[in-house]
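Take a look at the letters that make up each chain.
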Amino acid sequence: MWSMQLSIITFNVWGIPFISSDRSARIIDIAIQLNTGNYDIVSLQEVWSENDSRLLQNMTKKVLPYAHYFYSGVMGSGLLVLSKFPIVSSIFHGWTVNGYFHRIQHADWFGGKGVGLCRIRVANDRYVHVYNAHLHAEYNIKNDDYKTHRVLQAFDTAQFIDATRGDSMVQVLAGDFNAKPGDLSYGILLHISEMIDTCSSELIATYECKDNAYTSKAALAKNSTGQRIDHIFMRNSDDKVKASVMEYKLPLPPRVPGKRYSYSDHEAVQVKLKIEELQEADITRLIKNNHYECGRNVYYTTSNGFMAASEKKNTGHFYVVDTLLQMALINEGITVCERHLKQLYRDRIAYLCVALFLLIGFLFMSEFPVTYVYRTIFILLKLVTFGIVLYCLFMGTLWNLIERHGTMSGKTAMEIKLGGLQLAEREFYAI
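In every chain, residue numbers begin from 1 and rise along the written sequence. Residues qualify for local features only when their pLDDT is at least 70, as the model is predicted, and side-chain atom pairs are given and counted only at 80 or more; totals for whole chains, interfaces and linings, by contrast, use all residues. Hydrogen atoms and water are omitted, and side-chain values are computed over all heavy atoms in the structure.

Please set out the overall build of the protein chain residue by residue, giving values where relevant.
The secondary structure content of the protein chain amounts to 9 helices and 14 strands. Each residue is placed in one exposure class: buried if its accessible area under a 1.4 Å probe, protein chains only, is under 20% of its type's maximum, exposed if it is over 50%, and partly exposed if it falls in between. Taken over 431 residues, the protein chain has a buried fraction of 48%. Where helices and strands are cited, they refer to DSSP runs of H or I of at least four residues and of E of at least two residues respectively, numbered from the N terminus.

Got a sec to walk through the UniProt feature "transmembrane region" (unreviewed entry) in the protein chain? Specific residues and values, please.
Look at the UniProt record and you will see "transmembrane region" (unreviewed entry) annotated at residues 349–365 and 377–402. Along residues 349–365 one finds 100% helix and 0% strand; the C-alpha atoms at either end are 24 Å apart. Overall, residues 377–402 shows 96% helix and 0% strand. The separation of its end C-alpha atoms is 36 Å. UniProt positions are given in the numbering used here, feature names are shortened, and annotations may be inferred rather than shown by experiment.

If you had to explain the packing of aromatic side chains to someone new, which residues and values would you point to?
Only the six-membered ring of Trp is used, alongside the rings of Phe and Tyr, when aromatic pairs are assigned; centres must lie within 6.5 Å, and planes under 30 degrees apart are stacked while those over 60 apart are edge-to-face, with the rest tilted. Applying the stated criterion across every chain yields a total of 7 aromatic pairs. Between Y131 and F160 the ring centres are 6.0 Å apart and the planes differ by 90°, which places this aromatic pair in the edge-to-face class. Separated by 29 residues along the polypeptide, Y131 in strand β7 (residues 126–134) and F160 in helix α3 (residues 147–164) bring together distant segments of the chain. Each ring, one from Y186 and one from F233, has its centre 5.6 Å from the other, and the planes form 80°; the classification is edge-to-face. Of the two residues, Y186 is situated in helix α4 (residues 184–192) and F233 in strand β10 (residues 230–236); the sequence distance between them amounts to 47 residues.

Lay out unusual backbone geometry in plain terms, naming residues and giving numbers.
The backbone of E194 sits at a positive phi, close to 60°, despite the residue not being glycine. Inspection of the secondary structure puts E194 in the loop between α4 and β9 (196–197). You will see that E208, though not glycine, has its phi angle at about 55°, which is positive. Checked against the element boundaries, E208 lands in the loop between β9 and α5 (217–222).

Before we move on, could you go through the sheet that holds β10 and cite the residues and values that matter?
Hydrogen bonds between backbone groups are what pair the strands of a sheet, and the pairing can be parallel or antiparallel. A pair of strands is considered paired only if DSSP assigns at least 2 bridges between the two. Strand order in the open sheet formed by 6 strands is β5-β6-β7-β8-β10-β9, and the pairing between neighbours is mixed. Since the sheet does not close on itself, it has two edges, and those belong to β5 (87–94) and β9, each with one partner. In this structure, strand β6 (residues 114–123) lies alongside β7, joined through 8 bridges in antiparallel fashion. Looking across to β7, one finds that I120 is bridged to V128.

An account of the packing of helix α8 (residues 375–396) against helix α9 (residues 398–430) is needed here, citing residue identities and associated values.
Helix axes are fitted only over the stretch in contact, all axes being lines through C-alpha atoms; the angle between N-to-C directions runs from 0 to 180 degrees. Between α8 and α9, the shortest axis-to-axis distance is 3 Å and the interhelical angle comes to 25°. It follows from the interaxial angle that α8 and α9 lie roughly parallel. Listed contacts from α9 to L393, F394, M395 and G396 of α8 are L398, W399 and N400. When residues are grouped by polarity, Ala, Val, Leu, Ile, Met, Phe, Trp, Tyr, Cys and Pro land in nonpolar, Asp, Glu, Lys and Arg in charged, and all others, Gly among them, in polar. For the contact of α8 with α9, the residue count by class is 5 nonpolar, 2 polar and no charged. Small angles under 35 degrees read as roughly parallel and large ones over 145 as roughly antiparallel, with 65 to 115 read as roughly perpendicular and the rest as oblique. Any two residues having at least one pair of non-hydrogen atoms within 4.5 Å are treated as being in contact.

Right under this line is the structure:
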């Protein structure tokens, strides 16, 4: 009987040039750790520098000879996959909404983020699909302007995984999702993709950990336990193969040995999977004995996450989708999109009103006589006013349409998915 073990690690390396502290030294230390031979597949995020990508590949090529860096946007996607096994094909899928270009301090838009897929041959005619993703960051938990973006990115990624699984035995999604268990984007990504979270503990934190050198005192004061936003999800779609989690851990120490700094502001996550071929007797037994607890009366609350009362549903399938939970998640996602579209309409009106008001003022200033002493200041004032008019016109027209169409693209896709789930649910109970 064929079987194998697969060690997978995901790590946000915090590699922003000129901004991330101790970046050059940390990248070298990370490469040294990855070169130990403890990992078969490595999924990295925030490798924003091509030089850092080349350094990581060169320093690990003896144990991880196959690599792919996903190019995208102005700065690159930041996604890098290293592998012990051959990467036979790859594809990058950019998201329709990805932050705001005018919020330079956040810079997510310039990264051209999306989800990258590497098709990896782990044995003769046996493939594992590894998806690397880094969802939009949450900069303000009380006033989260990017919630809609993360929800749409999560749904888009889940749809992409389902559409590209092909003949792969196992699909693995590994990355920084900027979403905690219980968040809407976490639920959509996990359940719409029909994956499982390889972490079963509620005590694990991967960001703003108390022992991390880069965790601020303000963050610890708000939440001393940190957050788990870096995840590895897994699913096997081959009925003749079983994939199970052997071990889940944070493999790196809080600080680089002998140094004052940590490897990153995030913690690395490692999972060891066992993939084994099932015998005919095992398949027959699973079909005969399999049952699934399906959530009923599922609803979503912002304070408690997802709640459900359960009843048992007998089935002959290996994996049964909890369609009511999926429908609840999608309904909430559609609601989030509708609120965002209303806000976009209000923003459009506001930008155009400001542009009109300033344009009238600009035309008035053009006819206003001014003395020689104040001419330079007056010209500068007109230039600034005209620049603001152009900015407001762009934000109220072109950018507003781009944002609206991106949101509508995700919303309509959710509505189609919801209709399909409702149809499947009716057909199931009609049998």
